[in-house]
Amino acid sequence: MTPTDLGDALAVLGLPLGVDLTAARAARRGLLKRWHPDRFPTGTVEWDEATLRSQQINEAFCEIERAHVQGVGLPPGLDPREWPYHPGTDPGLVPRGFR
């Protein structure tokens, strides 16, 4: 992952570098409440936009979650292995002790 990928993901959710997963989850939840496709009539322009935005939101959250597991963007001094494993992360990136 490049810093640009993480930066783009954080921008989609409107978050700063070094944010914790709790804040990222809350931001994702809030954005999905607004942009979930089920809120719009199927086949409309609004539904198409909501589908695209919700996909971007979910992909951004996955990128942020992956970065936390790998230790990218963590506050200085924190070991990525100290972060708990969260369902939905790539099993190949699970910190030691959580496999």
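Residues numbered from 1 in each chain as written. Predicted model: local features only at pLDDT ≥ 70, side-chain atom pairs only at ≥ 80, totals over all residues. Heavy atoms only, no water.

1. A few points about the nonpolar core
Among the nonpolar cores identified, the biggest contains 17 residues, and L6, L10, L13, L15, A24, I57 and I64 are the most heavily contacted of them. Sorting the residues of this core by element identifies α1 (3–13), α2 (21–35) and α3 (45–70) as the ones contributing at least two each. Among the elements that line this core, the one with the most residues is α3, at six residues. Residue contacts for A24: discarding those within four places in its chain leaves L13, L15, V19, F61 and I64. (Core = buried A, V, L, I, M, F, W, Y, C linked by side-chain atoms within 4.5 Å. Buried < 20%, exposed > 50% of the residue type's maximum accessible area, 1.4 Å probe, protein only. Helix = DSSP H or I, 4+ residues; strand = E, 2+ residues; numbered from the N terminus. Contact = heavy atoms within 4.5 Å.)

2. Overview of the packing of α2 against α3
For the pair α2 and α3, the least separation of the axes is 10 Å and the interaxial angle reads 175°. In terms of axis orientation, α2 runs roughly antiparallel to α3. For the pair α2 and α3, the contacting residues are L21, A24, R25, R28, L31, L32 and W35 in the first and E49, A50, R53, S54, I57, N58, F61, I64, E65 and H68 in the second. Residue composition of the contact of α2 with α3, by class: nine nonpolar, three polar and five charged. (Axes fitted to C-alpha atoms, helices over the stretch in contact; angles between N-to-C directions. Parallel < 35°, antiparallel > 145°, perpendicular 65-115°, else oblique. Nonpolar A, V, L, I, M, F, W, Y, C, P; charged D, E, K, R; others polar.)

3. Some details on the confidence of the model for the protein
Counting all residues, the mean pLDDT for the protein is 77, and 67% of those residues have values of 70 or more. By mean pLDDT, α1 is the weakest element of the protein at 82, and α2 is the strongest at 93. Long-range and interchain partners of residues 94–99, a stretch whose pLDDT sits below 50, account for 14 contacts in this model, where long-range means more than four residues apart. (pLDDT = per-residue confidence, 0-100.)

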